[in-house]
Amino acid sequence: MHGPYYGLPAYRRADAASGWTDLASKHAEMVKQKEDLEVQILSAAALLNSLLPINRLPVELLVRIFDWVQAQADEKRCNGFDPNEERRGWYGMVNVCRAWRAIIFDSPLLWRKIGVGPRQNIALFRHFLERSSPATLEVQFTGTRGLKPFLIALRPHLPRVQALHLDMLPRSQHDILLGFLRECMPSLREFSLSFGLLGWEAEYISIDGGARNGNDDGESDSDDDDSHSELNAGDVLSSFAPGKDQFPRLAELSLRNVSLEPLLALAPTLTRLHLCNCVGGRPTNLTWISRFLSFLKECKNLECLLMYKYRFRDDETRPLQRVALSPKFGMLLFKEINVHAARFLGALSIPLTASVNFTQLLIQEEDRYDPDSPFVDVEHESLPFTCLPNDRRGLPILHAVTQVQVDLQDNVPWRKERRYLGYAGTAYFAVNAPATARGASPGDITENLLDIFGGAPLVELRIAFSSEDEISADQWTRILRHFPLLQRLAVVSYAHWDDVHPVPTLLQALKATQPDRSVLCPELNALAVTVLDGDNDADVVPDIAEGLEARNAALGKRLARLRVGFLKARRCVDGQFPRTYLDREQQYVDVLSPFADKVECGCNREWGHNDHFWDDDPTP
């Protein structure tokens, strides 16, 4: 096998003397011989590769692996959302080997998810449609201009479409979609339609609908320059009113700047409904609230309802008939101003096992909202913090809540809401109030807490105050009177220890004897309080000891557990606490041990936000 011809017979120069015809024949024969050898080499290489462990896996399993890789690429793309990126996360697998390329090209499952962003590639779109057949399709358009050729290409494949997402579209595409949405899609289970850009979306798509830092496709969308601001304010472009049997399997529906015509044909299969940003425009585009409630009554499989700035046509002079939601219902997420929230919630009867999350929005000028900021303008006052109807028979969870967490720490950039959260088993009821700007009052904690959970059988209460919150002993007394079954109480505050610090005022309330000679919360057995780093322990420790001593004497028993947290304490470089903090902890334990069976002290703990706050293990 050595030499210039590697064992193949060489043609002698004399053989070429017979003429050019014979030479051409010999050349063709050698080319054929070369091609045959190349095929043999490829076959031998493929045979060797087939012996590798990964190539002995069943084709079905490889397809599942490739599908998982593709899903991870899509998930990464969605979490760090950038519609300008093509779905190229799994394309590299095509170039690994011929076997993988053949499997990928012959597997419709790997071509069924199609994404089109502002950068348009109609040829690639058609390629995906062809290779995905006969599998079901999941198609997403994000900020796409010039939808018409894509919709024409998609029309023959509509029977295969299982999910269709038309997201963040420019207003110019609205009329183009009207005719397309009259088509039947018998397999469709997920559908979303949204126009305009809200908040973070505008960081990735420019106002005219094109990609930031992307290539212009030569089209002009100058007519759309002002449309996004109008849409963000809540203008309703049209109504979504599918015909009978048009979407017989539709389970998840999401609409933004498009109102829903609540046709009963949608009700039997619907499991998830998201309605957003419909507050203005032509009143005829809004849905009557009575019709919507009748529609919800027929949604026997509805599990989740999300409504954000979604208004109805409503004759407020007429009472609304209460509608009982399906026993399968599990979540209501609602963002509105109080007057609309209370009327809507008052018309619902929500199962005890369902969670409710309400975020209070603030009225802006002309009853519009700033979608990017939860802060109220300086000329506006904060609304009264009450979103609940007077008749609360439709909210049985409020009478079953046993644990409440109140988070008032709105003085950091990433936390712009004050939250009141109550748990009843696995379900919860939450009310979020926007933090207000320039010193506007966020509402009285006593009024808010009792308005929401005043009749609940609480056994645990945790309140995290901001550094500016103040609460008097009388306010504590009023709160604790409503919760006589309370067993665990935690108070977190970053304020310096003084007469208006929430912990000293709490201790005053706990040790005080009531007019009937009773003590507040006689079942209380666990108490947690915080001390700011730098506070004078000579004042703090005696205050805590005095308050607990008087209470224990009145009750004839002491606490089972007392926790004291040192906020803003810093660890050493080697991960150990400074000696000063260790001494400080020991001082607290020594002084306070007579008043509780177990006394714990610690530094650098998330006292207000640890889900396992009362676990037996105190290690953070």
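Going by the structure above, here's the rest.
Residues numbered from 1 in each chain as written. Predicted model: local features only at pLDDT ≥ 70, side-chain atom pairs only at ≥ 80, totals over all residues. Heavy atoms only, no water.

Draft legend 1. Focus on the overall build of the chain. Regarding its fold elements, the chain presents 14 helices and 25 strands. Residues counted as buried form 45% of the 620 residues belonging to the chain. Considering only contacts in the chain between residues 6 or more positions apart, those separated by 24 or more positions represent 73%. (Helix = DSSP H or I, 4+ residues; strand = E, 2+ residues; numbered from the N terminus. Buried < 20%, exposed > 50% of the residue type's maximum accessible area, 1.4 Å probe, protein only. Contact = heavy atoms within 4.5 Å.)

Draft legend 2. How the structure looks around the packing of aromatic side chains. Taken as a whole, this structure holds 19 aromatic pairs when the rule is applied. Taking the centre distance of 6.0 Å and the plane angle of 75° together, the rings of Phe141 and Phe150 count as edge-to-face. With relative accessibility at 1%, the residue Phe150 sits in the buried group. Between Phe334 and Phe358, the ring centres sit 6.0 Å apart and the planes meet at 45°, which makes this aromatic pair tilted. A residue pair is termed long-range when its members are at least 10 positions apart, and Phe334 in strand β15 (residues 331-336) and Phe358 in strand β17 (residues 355-360) qualify at 24 residues. (Phe/Tyr/Trp six-rings, centres within 6.5 Å; stacked < 30°, edge-to-face > 60°.)

Draft legend 3. Geometry of the pairing of strand β2 (residues 137-142). Alignment of strand β1 (residues 113-116) against β2, held across four bridges, turns out to be parallel. Directly across from Gly115, in β2, lies its bridge partner Gln140. In this region the chain leaves β1, passes through helix α4 (residues 122-132) and returns to the parallel neighbour β2; the handedness of that crossover is right-handed. Both β2 and strand β3 (residues 161-169) contribute to a ladder of six bridges, which runs parallel. (Pairing = 2+ DSSP bridges. Right-handed = clockwise from strand over helix to strand, strands pointing away.)

Draft legend 4. Broad picture of the environment of Asp444. Positionally, Asp444 belongs in the loop between β20 (427-434) and α10 (445-453). Looking at Asp444, the relative accessible area reads 31%, which means it is partly exposed. For the pair formed by Asp444 and Ile471, sequence separation is 27 residues and the distance between their alpha carbons is 9.1 Å.

Draft legend 5. Broad picture of the pattern of salt bridges. For the structure shown, the criterion picks out 17 salt bridges. Where Glu138 meets Arg112, a salt bridge forms, and the shortest distance between an N and an O atom there is 3.2 Å. Taken together, the residues Glu138 in strand β2 and Arg112 in the loop between α3 (98-105) and β1 connect sequence positions 26 residues apart. Since its relative accessible area comes to 27%, Glu138 is described here as partly exposed. The salt bridge involving Glu460 is made with Arg488; its shortest N-O contact spans 2.9 Å. You can see Glu460 sitting in strand β21 (residues 460-464) and its partner Arg488 sitting in strand β22 (residues 488-492), a full 28 residues away along the chain. Connected via shared salt-bridge partners are Arg561, Arg563, Lys598 and Glu600. (Salt bridge = Lys/Arg side-chain N within 4 Å of Asp/Glu carboxyl O.)

Draft legend 6. How the structure looks around the packing of helix α11 (residues 473-481) against helix α12 (residues 502-511). One can describe the packing of α11 onto α12 by two numbers: an axis separation of 8 Å at closest approach and a directional angle of 60°. The angle between α11 and α12 places the two elements in the oblique class. Of the two elements, α11 crosses α12, and the hand of that crossing is right-handed. Together, Ala473, Trp476, Thr477 and Leu480 of α11 and Pro502, Thr505, Leu506, Gln508, Ala509 and Leu510 of α12 make up the contact between the two elements. Tallied by class, the residues present in the contact of α11 with α12 amount to seven nonpolar, three polar and no charged. (Axes fitted to C-alpha atoms, helices over the stretch in contact; angles between N-to-C directions. Parallel < 35°, antiparallel > 145°, perpendicular 65-115°, else oblique. Left-handed = near helix turned anticlockwise from the far one by under 90°. Nonpolar A, V, L, I, M, F, W, Y, C, P; charged D, E, K, R; others polar.)

Draft legend 7. Up close: the side chain of His501. Here His501 shows up in the loop between β22 and α12. Among the polar contacts listed, one links the side chain of His501 to the backbone nitrogen of Val503, at a separation of 3.0 Å. Discounting residues that sit within four places of it in the chain, His501 has contacts with Ser493, Ala495, His496 and Thr530. (Polar contact = N/O pair within 3.5 Å; in protein donor to acceptor, adjacent residues only side chain to side chain.)

Draft legend 8. Representation of unusual backbone geometry in the model. Pro134 follows Ser133 through a cis peptide bond whose omega is 5°. With respect to the element layout, Pro134 can be found in the loop between α4 and β2. Although it is not a glycine, Asp245 sits at a positive phi angle of roughly 65°. With respect to the element layout, Asp245 can be found in the loop between β6 (238-240) and β7 (252-256). Positive phi is not limited to glycine here, since Asn277 has a value of about 65°.

Draft legend 9. Structural view of the nonpolar core. Judged by nonpolar contacts, the single largest core of 136 residues is most densely connected at Leu164, Phe191, Leu260, Phe292 and Phe344. The residues touching Phe344, leaving out its near neighbours within four places in the chain, are Ile289, Phe292, Leu293, Leu296, Leu305, Met307, Phe312 and Phe334. (Core = buried A, V, L, I, M, F, W, Y, C linked by side-chain atoms within 4.5 Å.)

Draft legend 10. Fine view of a negative patch on the surface. On the surface, Glu470, Asp498, Asp499, Asp539 and Asp543 cluster together to form a negatively charged patch. Looking at the secondary structure, you find Glu470 in the loop between β21 and α11. On the basis of relative accessible area, Glu470 is assigned to the exposed category, the value being 56%. (Patch = residues over 30% accessible without salt bridge, like charges linked within 9 Å, V, L, I, M, F, W, Y side chains within 5 Å. Areas by Shrake-Rupley, 256 points an atom, 1.4 Å probe, with all protein chains shown as cover. Lys, Arg positive; Asp, Glu negative; His and termini not counted. Charge placed at Lys NZ, Arg CZ, Asp CG, Glu CD.)

Draft legend 11. Here's a closer look at the packing of α12 against helix α13 (residues 537-555). Running from amino to carboxyl end, α12 crosses α13 at an angle of 15°, the nearest separation of the two axes being 8 Å. Considered as vectors, α12 and α13 are oriented roughly parallel to each other. Where α12 crosses over α13, the two elements pack in a sense that is left-handed. Side by side, α12 and α13 meet where Leu507, Leu510 and Lys511 of the first sit next to Asp543, Ile544, Glu546, Gly547, Ala550 and Arg551 of the second. Split by residue class, the contact of α12 with α13 holds four nonpolar, one polar and four charged.

Draft legend 12. Layout of the environment of Ser259. Examined against the element boundaries, Ser259 turns out to sit in strand β8 (residues 258-260). For Ser259, a relative accessible area of 1% gives the class buried. Along the primary structure Ser259 and Asp235 are separated by 24 residues, whereas in three dimensions their C-alpha atoms are 10.0 Å apart.

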